[in-house]
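Each chain, letter by letter, is given below.
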Amino acid sequence: MNKTISAANAPAAVGPYCHAKLAGNTLYTSGQLGLDPVTGELAQGVEAQARQALENLGVILKEAGMDFQDVTKTTVFLVDMGDFAAINAIYAEYFTGEAPARSCVAVAALPKGGLFEIEAVAVK
């Protein structure tokens, strides 16, 4: 079974993709930028973008009947690896208890000029 997850309270996709796909009991999310779901604009600064992206991820997880505790793997994309420590502190606010596996990579650029993006795999 492959089910498309579209969360009304998450920002619209900025390309031809969906918020997430539920394959059996595993959820694969698309990357989430720090976009305001109402205006579609990026939050100002990497910390605000990280918080907004994680909020957006939470909305998508909820739409799929999941939460942050169900996340098994994330990939974080940063434009500046110098932001790593600040992002870790914010990330830890959302992933409390046992943290998921994670990769963090520096990239040359992100869509819409973003500074932070996160994608996740979750299992219920």
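Thresholds applied
- Residues numbered from 1 in each chain as written.
- Predicted model: local features only at pLDDT ≥ 70, side-chain atom pairs only at ≥ 80, totals over all residues.
- Heavy atoms only, no water.
- Phe/Tyr/Trp six-rings, centres within 6.5 Å; stacked < 30°, edge-to-face > 60°.
- Helix = DSSP H or I, 4+ residues; strand = E, 2+ residues; numbered from the N terminus.
- Buried < 20%, exposed > 50% of the residue type's maximum accessible area, 1.4 Å probe, protein only.
- Core = buried A, V, L, I, M, F, W, Y, C linked by side-chain atoms within 4.5 Å.
- Contact = heavy atoms within 4.5 Å.
- Axes fitted to C-alpha atoms, helices over the stretch in contact; angles between N-to-C directions.
- Parallel < 35°, antiparallel > 145°, perpendicular 65-115°, else oblique.
- Left-handed = near helix turned anticlockwise from the far one by under 90°.
- Nonpolar A, V, L, I, M, F, W, Y, C, P; charged D, E, K, R; others polar.

J.: Run through the packing of aromatic side chains, naming residues and quoting values.
T.: Enumeration over the complete set of coordinates arrives at three aromatic pairs. Judged by centre distance (5.1 Å) and plane angle (90°), the ring pair of F68 and F95 falls under edge-to-face. Of this pair, F68 sits in the loop between α1 (46-63) and β5 (71-78) while F95 is found in the loop between α2 (84-94) and β6 (101-106), placing the two residues 27 residues apart along the sequence. A single burial state applies to F68 and to F95, both of which are buried. Three or more aromatic residues joined by ring pairs make a cluster, and in this case those are F68, Y91, Y94 and F95.

J.: Tell me about the nonpolar core, and name the residues and values.
T.: In this structure, L27, L54, L57, L61, F95, F116 and I118 are the most contacted members of the largest nonpolar core, which totals 28 residues. Elements supplying a minimum of two residues to this core: β2 (20-23), α1, β5, α2 and β7 (116-123). Per element, the largest residue contribution to this core is seven residues, and it comes from α1. Excluding anything up to four places from it in sequence, F116 contacts Q32, L33, G34, V46, Q49, A50, A53, V76, F77, L78, I87 and L110. If you look at the next biggest cluster of nonpolar residues, it comprises five residues, including L33, L35, F77 and L110.

J.: Any details on the packing of α1 against α2? Residues and values, ideally.
T.: Two elements in contact, α1 and α2, have axes separated by 10 Å at closest approach and are oriented at 25°. Judged on the interaxial angle alone, α2 and α1 are roughly parallel. α2 is crossed by α1, and the crossing has right-handed handedness. On the side of α1, the interface is formed by V46, E47, A50, R51, L54 and E55, while α2 contributes A86, I87, I90, Y91, E93 and Y94. Split by residue class, the contact of α1 with α2 holds eight nonpolar, no polar and four charged.

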